[in-house]
Amino acid sequence: MSLSAERVKLFAEKCTALGKKLGVDVVDLHSLFHSQPNWETFLCDGLHLSKEGNHFVGEQLIKVLEPKLSHLPLVFPDWKDVDAKNPENSLSEL
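Residues numbered from 1 in each chain as written. Predicted model: local features only at pLDDT ≥ 70, side-chain atom pairs only at ≥ 80, totals over all residues. Heavy atoms only, no water.

The chain appears in an unreviewed UniProt entry as Isoamyl acetate-hydrolyzing esterase 1 homolog from Acropora cervicornis. What UniProt records for the chain under Function (unreviewed entry) is the sentence "Probable lipase." Turning to the chain, the UniProt record has this under Sequence similarities (unreviewed entry): "Belongs to the 'GDSL' lipolytic enzyme family. IAH1 subfamily." (UniProt positions renumbered as here; feature names shortened; annotations may be inferred.)

Next up, the structure:
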């Protein structure tokens, strides 16, 4: 592991520990990424998320957010129910 990779790991560990100390939910993406055999495909340039990386992060966030948000009412229509040519009509029914 390179020095910079070691520093990133240490930073991720400190962030995770701080989140837990503060009592907030933490998604430890560093550990989750590195638990995957193909984690390098999650980054398109070593820093920014690729399409696969965005998908993976989304899956991890849903696991945390779904139980907390599923009981909330929908305020706006689902995007699939909005008429793309006349979105005002879909929103005026609220």
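Quick look at the overall build of the chain now. Looking only at helices and strands, the chain has four helices and zero strands in total. Helices and strands appear in the chain in the N-to-C order α-α-α-α. At 19 Å, the chain has a C-alpha radius of gyration far larger than the 12 Å of a compact globule built from 94 residues. With respect to the principal axes defined by its C-alpha atoms, the chain has extents near 55 × 35 × 20 Å. Within the chain, buried positions represent 14% of all 94 residues. Partitioning the intrachain contacts of the chain with sequence separation of at least 6 by distance along the chain shows that 22% fall at a separation of at least 24. Taken as a whole, the chain presents about 7900 Å² of accessible surface, with 61% of it coming from carbon and sulfur. Taking the average place of the 10 positive charges on the side chains of the chain and the average place of its 14 negative ones, the gap between the two points comes to 10 Å. (Helix = DSSP H or I, 4+ residues; strand = E, 2+ residues; numbered from the N terminus. Rg over C-alpha atoms; globule rule 2.2 N^0.38 Å. Buried < 20%, exposed > 50% of the residue type's maximum accessible area, 1.4 Å probe, protein only. Contact = heavy atoms within 4.5 Å. Areas by Shrake-Rupley, 256 points an atom, 1.4 Å probe, with all protein chains shown as cover. Lys, Arg positive; Asp, Glu negative; His and termini not counted. Charge placed at Lys NZ, Arg CZ, Asp CG, Glu CD.)

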